[in-house]
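# Secondary and tertiary structure notes
Listed below are the residues making up each chain.
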Amino acid sequence: MSKVSSKTHTPAQRNNYANQNNPNSSAYRANQNNRSNQLNPNNPAYHSSRGQGKK
């Protein structure tokens with residue numbers, strides 16, 4: 001996992017990075033839910049993430 005430097009990133013960018021890696025944040029849960037949806041063949045996001053359209 002790469003780290004975020006305070007010399008090259010704004011406070012907002014650092015906060016976003018921290019939220020995406022914190023299991024208690026809504027950003028983390030949203031990211032995990034999206035990943036789960038894209039890996040589930042019963043979900044429309046699975047097909048759209050592979051460029052197949054709706055099935």
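Each chain carries its own residue numbering, running from 1 in the direction its sequence is written. Local features in this predicted model are restricted to residues whose pLDDT is 70 or higher, and side-chain atom pairs enter the listing and the counts only when it is 80 or higher, whereas totals over whole chains, interfaces and linings include all residues. Calculated side-chain values reflect all of the structure's heavy atoms, with hydrogen atoms and water omitted.

Looking only at helices and strands, one finds 3 helices and 0 strands in the protein chain. The helix and strand labels rest on DSSP assignments: H or I over at least four residues marks a helix, E over at least two residues marks a strand, and numbering proceeds from the N terminus. The N-to-C order of helical and strand elements in the protein chain reads α-α-α. In terms of overall size, the protein chain is more extended than a compact globule, its C-alpha atoms giving a radius of gyration of 15 Å where 55 residues would be expected to give roughly 10 Å. For the exposure calls, accessible area comes from a 1.4 Å probe over protein chains only, and a residue counts as buried if that area is under 20% of its type's maximum, exposed if over 50%, partly exposed in between. Going through the 55 residues of the protein chain one by one, you find that 7% of them count as buried. Both definitions apply: the radius of gyration is a C-alpha atom measure, and the globule rule equals 2.2 Å times residues to the power 0.38.

So, on to the packing of aromatic side chains. Put simply, two rings from Phe, Tyr or Trp (the six-membered ring, in Trp's case) pair if the centres are within 6.5 Å, and we call them stacked under 30 degrees between planes, edge-to-face over 60, tilted for the rest. Counted by the stated rule, this structure contains 0 aromatic pairs. Lysine NZ or arginine CZ positioned within 6 Å of the ring centre and within 35 degrees of the ring normal marks a charge as sitting over the ring. Above the plane of the ring of Tyr46 lies Arg50, whose end atom (NZ or CZ) is 3.9 Å from the centre.

Among the secondary structure elements, Asn33 is positioned in helix α2 (residues 26-39). Judged by its relative accessible area of 48%, Asn33 falls in the partly exposed class. Measuring from C-alpha to C-alpha, the distance between Asn33 and Pro23 comes to 12 Å, with 10 residues separating the pair along the chain.

Bringing the environment of Ser48 into the picture now. Tracing the backbone through its elements, the reader meets Ser48 in helix α3 (residues 44-48). Residues Ser48 and Arg35, 13 residues apart in the sequence, show an inter-C-alpha distance of 13 Å.

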